[in-house]
Amino acid sequence: MVVLSQPVEHINLPTTNNFTQIPVVDLWNPNAETEIVKACQEFGFFKVINHGVPIEMVNTLESQALSFFNLSQCHKNKASPFGYGNKKIGQRGDTGWVEYLLFGTNTELDSQNSLDIFPHDFWLMVRKYLSAIKELACEVLKRMADGLNIEPRTVLSRLVSAEKSDSYFRINHYPASDRKELGFGEHTDPQVISVIRSNNISGLEIALKDGTWVQVPPDPNSFFITVDDCLQVLTNGRFRSVKHRVITESLKERISMIHFGGPPSTEKIAPLTSLMEQGEESLYREFTWDDYKKAAFNTKLACNRISFFEKCP
Ligand code: GA4
């Protein structure tokens, strides 16, 4: 059994209901765009089936990641230069019942040094996985543009498919525990779109518009999509960046793999002109992704980062 090297604080963690109305989008359905837009407006969250990503590949990467997380703490600590983190989230003192690997998708992963810790096969699998997930993220973004009736249909996907797109990949491992643990505190993702895949253990929760939290039933064969901060801005608030968190309570470990699709650093983020109706005012002032990152990455996890860029009424 893996035990985290430092204890995490225990607070009274709430009990939440199951998210029964979770929108399920079948990508084979030619009318999926309408459902996608509806889900992004209402929840900023949906599940995707018939996504075209080979599930055997996903399972292989998951088991390779688990082999890493099951190594001794001393061994795993050697992976800190390659994005390994334990309990600490961000720079402002947030903690969670979690250990993880986190890196930019343009990072030179399979450097000689990292091969002492990760087998070459692992990086090969990460590469394969990331290219399939990036394709999925772009397909979903194109369908969003279709659903919003904006052209070209690549107006959103180009941000993530760009060679210099500043995307991240994170593998979170929540060790088993016999009590409720705050795995990852509430937050919104700063990027454009996140694609989440987890094993069969529950824990992910999202906040609805009225502020109530609901549990997302796990489904290892599907992917969950979140609308992130930049997408809320690009759609001038039509889509909502969804607040989410992880609370675990299971004797089995939870593992999730998340691709955060972000724009290139110099990309200017502002509501899309093709979307704005006549006389519609922008709710946000323009910023570059680099500006956003500088402001956002130095905040507490639960901070409402979009508010820094909201225009005053
Ligand atoms: C939340 C989404 C992604 O996991 C992440 C996180 C990042 C980090 O772990 O370094 C941040 C968080 C996330 C937003 C606010 C800052 C930065 C931790 C934190 C407290 C990789 C990201 O892009 O933003």
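Relevant structure appears above.
Residues numbered from 1 in each chain as written. Predicted model: local features only at pLDDT ≥ 70, side-chain atom pairs only at ≥ 80, totals over all residues. Heavy atoms only, no water.

J.: So, the overall build of the protein: which residues are in play, and what are the values?
T.: A tally of regular secondary structure across the protein gives seven helices and 15 strands. For the protein, the C-alpha radius of gyration of 19 Å lies close to 20 Å, the compact-globule estimate for 313 residues. Its C-alpha atoms give the protein principal-axis dimensions of roughly 60 × 45 × 40 Å. Of the roughly 14,400 Å² that the protein leaves accessible, carbon and sulfur atoms contribute 49%. Both charge centroids of the protein, one from 33 positive and one from 38 negative side chains, sit 4 Å from each other. (Helix = DSSP H or I, 4+ residues; strand = E, 2+ residues; numbered from the N terminus. Rg over C-alpha atoms; globule rule 2.2 N^0.38 Å. Areas by Shrake-Rupley, 256 points an atom, 1.4 Å probe, with all protein chains shown as cover. Lys, Arg positive; Asp, Glu negative; His and termini not counted. Charge placed at Lys NZ, Arg CZ, Asp CG, Glu CD.)

J.: Provide a residue-level description of the nonpolar core, including the pertinent values.
T.: Within the largest apolar cluster, 71 residues are counted, with the highest numbers of intra-cluster contacts made by Phe46, Tyr129 and Met144. Per-element accounting of this core gives the leading share, 16 residues, to helix 4 (residues 120-148). What Phe46 contacts, discounting residues up to four positions off in sequence, is Pro23, Val25, Ile36, Ala39, Cys40, Val140, Met144, Phe223, Phe224 and Ile225. Counting 22 residues, the second-largest nonpolar core is a separate cluster that includes Val98, Tyr100, Leu208 and Val242. (Core = buried A, V, L, I, M, F, W, Y, C linked by side-chain atoms within 4.5 Å. Buried < 20%, exposed > 50% of the residue type's maximum accessible area, 1.4 Å probe, protein only. Contact = heavy atoms within 4.5 Å.)

J.: Give a description of the packing of aromatic side chains that names residues and reports values.
T.: For any pair of aromatic rings, geometry is given as the distance between the ring centres together with the angle between the planes. Across all of its chains, the model carries 17 aromatic pairs by this definition. A ring pair is formed by Phe68 and Tyr84, whose centres lie 5.7 Å apart and whose planes are at 75°; its orientation type is edge-to-face. Linking Phe68 in helix 2 (residues 55-69) with Tyr84 in strand 4 (residues 84-89), this pair joins segments that are 16 residues apart in sequence. The pair Phe68 / Tyr84 is uniform in exposure class, with both members buried. Ring plane angle 35° and centroid distance 4.8 Å describe the contact between Phe68 and Phe118, whose orientation is recorded as tilted. (Phe/Tyr/Trp six-rings, centres within 6.5 Å; stacked < 30°, edge-to-face > 60°.)

J.: Go over the packing of helix 1 (residues 32-42) against helix 4 with me, naming the residues and quoting the values.
T.: Any two packed helices are characterised by the angle at which their axes cross and by the distance between the axes. Running from N to C, helix 1 and helix 4 point in directions that differ by 90°, and their axes come no closer than 8 Å. As summarised for this structure, helix 1 and helix 4 are arranged roughly perpendicular, according to the angle between their axes. Seen from helix 1, the contacting residues are Ala32, Glu33, Ile36, Val37 and Cys40; seen from helix 4, they are Val140, Arg143, Met144, Asp146, Gly147 and Leu148. Among the residues making up the contact of helix 1 with helix 4, the classes are represented as seven nonpolar, one polar and three charged. (Axes fitted to C-alpha atoms, helices over the stretch in contact; angles between N-to-C directions. Parallel < 35°, antiparallel > 145°, perpendicular 65-115°, else oblique. Nonpolar A, V, L, I, M, F, W, Y, C, P; charged D, E, K, R; others polar.)

J.: Please give an account of the environment of Asn200 that cites residues and values.
T.: Structurally, Asn200 can be placed in the loop between strand 8 (193-198) and strand 9 (204-207). Between the C-alpha atom of Asn200 and that of Trp97, which follows or precedes it by 103 residues, the distance is 18 Å. Beyond its immediate chain neighbours, meaning those up to four positions away, Asn200 contacts Pro218 and Pro220.

J.: Give me the lowdown on the packing of helix 2 against helix 4, citing residues and values where you can.
T.: Here helix 2 crosses helix 4 at 140°, and the two axes come no closer than 10 Å. By the angle between their directions, the pair helix 2 and helix 4 is classed as oblique. Remark: the crossing between helix 2 and helix 4 carries left-handed chirality. Contacts between helix 2 and helix 4 involve Met57, Val58, Thr60, Leu61, Gln64 and Ala65 from the first element and Asp121, Phe122, Met125, Val126, Lys128, Tyr129 and Ala132 from the second. (Left-handed = near helix turned anticlockwise from the far one by under 90°.)

J.: Go over helix 7 (residues 289-296) with me, naming the residues and quoting the values.
T.: Among the residues of helix 7, Trp289, Tyr292, Lys293 and Ala296 are the ones counted as buried. One side of helix 7 carries all its buried residues, which in axial view fall inside an arc of 100°. In this structure, the buried side of helix 7 is in contact with strand 6 (168-174), helix 6 (229-234), strand 14 (268-269) and strand 15 (287-288). (Arc of directions from axis to C-beta.)

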